[in-house]
Amino acid sequence: MKYFPHTPDDIAQMLQRIGAGSLDELFAEIPDELKLKRELDLPKAQSELEVRRTVKALADKNCVLTCFAGAGVYDHYTPSVIPYITSRSEFSTSYTPYQAEISQGTLQYIFEYQTMMARLTGMDLSNASMYDGATATAEAMMMCVAAAKKRNRVLISGTMLPTTLAVVKTYARFHGVDLVEVAPTADGTTDKAQLSVLLEGGDVAGVIVPLTNYFGIIEDLSGLAEACHAQKALLVVNSIASVLGVLKSPSEWGADIACGDAQSLGIPMSYGGPYIGYLCTKDALVRKMPGRLVGQTTDAKGQRCFVLTMQAREQHIRREKATSNICTAQGMMCLYVAAYLSLMGAKGLNAVNETSAAGAHALCDALCQLPCFSLAFPTQPFLNEFTLKYTGALPLAELHDRLAEVGFLAGVIAQGSDDLLILAVTEQRTAEEVDALVKAVKSLTQC
C-alpha cells in the first residue's frame, strides 16, 4: 500500500542505493540545533471507531453560528449533488493535465468552467487556476502593466476589500508597479473625479474598480471605460461572482478584464478556504493572461476532446520573466463552480440573488427602526450586503462579541472603524433567523 510507512528493509535498501550508511548520515547536513532529539509526542494507536469518536468530540466543541457576515465570503447553499459529482474518479488525476490522453475528465470540467465564467462576465474568454479573488485581482494588475509595456502605474479604488488591497499592494511592491490607491468619496463609492484627474497624466496602465464594493454598495461605473480607453489604459472590474447573475456584467460596463472571487458559486466557507479566483478578459489580451487555458478540439478519430492551449508549461518556471508564478490549478474548486452553475442556470442564480436581496433589505429595514442604527450610505443601492452606522452606548465590538455568544455571526466591523457594521444575507437565512437577530440586538443594546 503506497501510503504505508517504509519498513526497515525498505529504508536500508534506499540508503544503500544512495550511498548513505544510516539515516543520521543522510541528515548530517541539518544543523544540530534544528533537530528534535526526542521521540514525537504522538498518542497511542486507535481503532477507526476510536478515531471517529475522538474527532467527533473535537468537532462538538465548535460553536456553529448563524452567519450574517460577508465581506468577500458568503454562506450560500451547496446543492447536495455537488460533493457527489466532485468525488467521481473520472474527474481526478494525480496532478496536472499536461498529458491530455489521460486527463480528459479534468480538462473537460475546466473547459466547461471557463465557458460558463466567460458567459457570466460577458467576456471573450476565461482562464482557470487563480487561487482566490485577491490573487486574481493582482494578476489583473500585472496584465495591465504587461499590455501597456512602458507604463507601470495602476490606479485602484479604495472601496475594494481590504484583503484584496493588501494582496495587490504586495504584488505591486515586488513587481515594481506604481500602485495608487484612490480614497473613496464620503458616500462610500469610488472617486471617479479623482480617477479622471490621475488618468489625464497619460502614464496609467490600468484602473481597478469594484462592481459591489466593501460596503456592499453597487457602484455606478458609467463613463469609466471611456475615460480609461481615451488615455489608452485598461479597465478592470472586480466583482463577487454570484451577483453577476442579476447585475450589469463587466463587459457591459466596457471592462477589458473581469476578476474576483467565485466562492459565492456553491463553494462552502470552510473556515477560510480553499476558494477560487476567476479571471476573464477580451481576446486581445489572451497572450497576457496567466494560469490555465483549456481549448476544445477533435482527436484523430474526429471525436470532441480537450487540450491545454495558448501557453507553454515553461512560462510558469521562468521566475521573474514568467507571465505569472501561479501554475497549480484550483481543480476541485473549478469543478464545484462548473457543477453549481450547471445545476442553477440563469433562473436559479437569479432566484438566489432575489432571495438574498429580499432578506438583506428586510434585515436592514428592521435594524434601522432601532434608534442606535442607521444606514451608513443611505443614497447608495445595495443587493445582499449593506453597512450600518451604530451609535449605541454598548461598544460595537462588545455587541458583536455578545451576539456571537448567543449564536450569531453578526456581520463584520468595517476595517479602521468602530461604528460601521457590514452585514450580509444569503438565501440560507430565513425570516425567522432575521427576526431572531433583530430581537437579540434589541435585548443587548436596550435601544
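Now for a description of the structure that goes with this document. Computed from a predicted structure; not experimentally measured.

Some remarks on helix α6 (residues 133-148)
1) Next: Taking 1.5 Å per residue as the helical rise, α6 with its 16 residues ought to reach 22 Å, and the 23 Å between its terminal C-alpha atoms agrees with that figure.
2) Next: Summarising burial for α6: 13 of the 16 residues are buried, a large majority.

What to know about the packing of helix α5 (residues 104-121) against helix α10 (residues 331-368)
Axes are the key here: two packed helices are described by the angle between their axes and the distance separating the axes.
1) Next: Viewed as axis vectors pointing N to C, α5 and α10 meet at an angle of 45°, and their least axial separation amounts to 9 Å. In this view, α5 runs oblique relative to α10, as classed from their interaxial angle. Relative to α10, α5 is oriented so that their crossing is left-handed. Residues Tyr-109, Tyr-113, Met-116, Met-117 and Leu-120 of α5 lie in contact with α10, whose contacting residues are Gly-331, Met-332, Cys-334, Leu-335, Val-337, Ala-338, Leu-341, Ser-342 and Leu-349.

Points about the sheet that holds strand β5 (residues 204-210)
1) Next: Here we have seven strands laid out as an open sheet, ordered β2-β8-β7-β6-β5-β3-β4, and mixed in their pairing. Looking at which strands have only one partner, the edges of the open sheet turn out to be β2 (125-126) and β4 (178-182).
2) Next: Most of the contacts of helix α7 (residues 162-175) go to β4, to which it runs at about 155°, and overall it touches β3 (153-157) and β4.
3) Next: Sitting on the sheet, helix α8 (residues 192-199) touches β3, β4 and β5, and the angle it makes with β5 is about 170°.

Description of the nonpolar core
1) Next: Core analysis: the largest hydrophobic core is formed by 62 residues, its most contacted members being Tyr-113, Met-117, Val-207, Leu-265, Tyr-278 and Val-337.
2) Next: Sorting the residues of this core by element identifies α5, β4, α8, β5, α9 (224-230), β6 (234-238), β8 (277-281) and α10 as the ones contributing at least two each.
3) Next: At twelve residues, the largest contribution of residues to this core is made by α10.
4) Next: Core analysis: the second largest hydrophobic core is formed by 31 residues, Ala-172, Leu-234, Cys-259 and Val-286 among them.

Structural notes on the side chain of Ser-126
1) Next: Tracing the backbone through its elements, the reader meets Ser-126 in strand β2.
2) Next: Residues within four places of Ser-126 in sequence aside, it is in contact with Tyr-113, Gln-114, Met-117, Ala-118, Leu-279, Cys-280, Met-289 and Leu-293.

Focus: the sheet that holds strand β11 (residues 373-375)
1) Next: The sheet built from four strands is open, its strands ordered β11-β12-β15-β14 with antiparallel pairing. Of all the strands in the sheet, the pair left with one neighbour each is β11 and β14 (412-413).
2) Next: Where strand β12 (residues 385-390) lies against strand β15 (residues 420-424), five bridges are found, and the strand directions are antiparallel. Each residue of the ladder has a partner; that of Phe-386, found in β15, is Leu-423.
3) Next: Sitting on the sheet, α10 is in contact with β11, β12 and β15, with an inclination near 10° to β12.

Notes on the pairing of β4
1) Next: Examined bridge by bridge, β3 and β4 share five bridges and lie parallel to one another. Opposite Leu-155, over in β4, you have Val-180 as the bridge partner.
2) Next: The handedness of the β3 to β4 crossover, carried by α7, is right-handed.

Considering the packing of α6 against α7
1) Next: Two elements in contact, α6 and α7, have axes whose closest approach is 8 Å; the angle formed by their N-to-C orientations is 40°. As the angle between them shows, α6 and α7 are arranged oblique. The crossing of α6 and α7 is right-handed. Contacts from Ala-134, Thr-135, Thr-137, Ala-138, Glu-139, Met-141 and Met-142 of α6 reach α7 at Thr-163, Thr-164, Val-167, Val-168, Tyr-171, Ala-172 and His-175.
2) Next: Per-class residue counts for the contact of α6 with α7 are eight nonpolar, five polar and one charged.

Description of the state of the cysteines
1) Next: In total, this model carries zero disulfides according to the counting rule given.
2) Next: There is no disulfide at Cys-63, and the cysteine sulfur nearest it, in Cys-67, is 13 Å away.
3) Next: Its sulfur unpaired, Cys-259 is 8.9 Å from the next cysteine sulfur, which belongs to Cys-144.

Some points on the pairing of β12
1) Next: In terms of burial, β12 is largely enclosed, as five of its six residues are buried.
2) Next: Pairing geometry for β11 and β12, over three bridges, is antiparallel. From the neighbouring strand, Leu-375 faces β12, where its bridge partner is Leu-388.

A closer look at the environment of Val-207
1) Next: Looking at the element boundaries, Val-207 is found in strand β5.
2) Next: Through-space distance from the C-alpha of Val-207 to that of Leu-423 is 28 Å; in sequence the pair is 216 residues apart.
3) Next: Apart from the residues lying within four places of it in its own chain, the contact partners of Val-207 are Leu-155, Leu-195, Leu-199, Cys-228, Leu-234, Leu-235 and Val-236.

Points about the environment of Glu-252
1) Next: By secondary structure assignment, the location of Glu-252 is in the loop between β6 and β7 (257-261).
2) Next: The exposure class of Glu-252 is exposed, given its relative accessible area of 53%.
3) Next: Counting along the chain gives 131 residues from Glu-252 to Thr-121, while the straight-line C-alpha distance between them is 8.7 Å.
4) Next: For Glu-252, the side chain forms a polar contact with the main-chain nitrogen of Ser-249, separated by 2.8 Å.

A word on the packing of aromatic side chains
1) Next: The full count for this structure, using the stated rule, is six aromatic pairs.
2) Next: Centroid distance Phe-68 to Phe-408: 6.4 Å. Interplanar angle 45°. Geometry classified as tilted. Here Phe-68, found in the loop between β1 (66-67) and α4 (81-86), pairs with Phe-408, found in strand β13 (residues 408-409); they are 340 residues apart in sequence, far enough to count as distant. Each member of the pair, Phe-68 as well as Phe-408, is classed as buried.

Some remarks on the pattern of salt bridges
1) Next: Applying the stated criterion to the full structure yields eleven salt bridges.
2) Next: Between Glu-181 and Lys-169 there is a salt bridge whose closest N-O contact spans 2.7 Å. Residue Glu-181 is found in strand β4, and its partner Lys-169 is found in helix α7; the two are separated by twelve residues along the sequence.
3) Next: Shared partners join several salt bridges into a network, and the residues in it are Asp-75, Arg-429 and Glu-433.

The rules behind each value
Residues numbered from 1 in each chain as written. Predicted model: local features only at pLDDT ≥ 70, side-chain atom pairs only at ≥ 80, totals over all residues. Heavy atoms only, no water. Helix = DSSP H or I, 4+ residues; strand = E, 2+ residues; numbered from the N terminus. Expected span 1.5 Å × (residues − 1). Buried < 20%, exposed > 50% of the residue type's maximum accessible area, 1.4 Å probe, protein only. Axes fitted to C-alpha atoms, helices over the stretch in contact; angles between N-to-C directions. Parallel < 35°, antiparallel > 145°, perpendicular 65-115°, else oblique. Left-handed = near helix turned anticlockwise from the far one by under 90°. Contact = heavy atoms within 4.5 Å. Pairing = 2+ DSSP bridges. Core = buried A, V, L, I, M, F, W, Y, C linked by side-chain atoms within 4.5 Å. Right-handed = clockwise from strand over helix to strand, strands pointing away. Nonpolar A, V, L, I, M, F, W, Y, C, P; charged D, E, K, R; others polar. Disulfide = S-S within 2.5 Å. Polar contact = N/O pair within 3.5 Å; in protein donor to acceptor, adjacent residues only side chain to side chain. Phe/Tyr/Trp six-rings, centres within 6.5 Å; stacked < 30°, edge-to-face > 60°. Salt bridge = Lys/Arg side-chain N within 4 Å of Asp/Glu carboxyl O.

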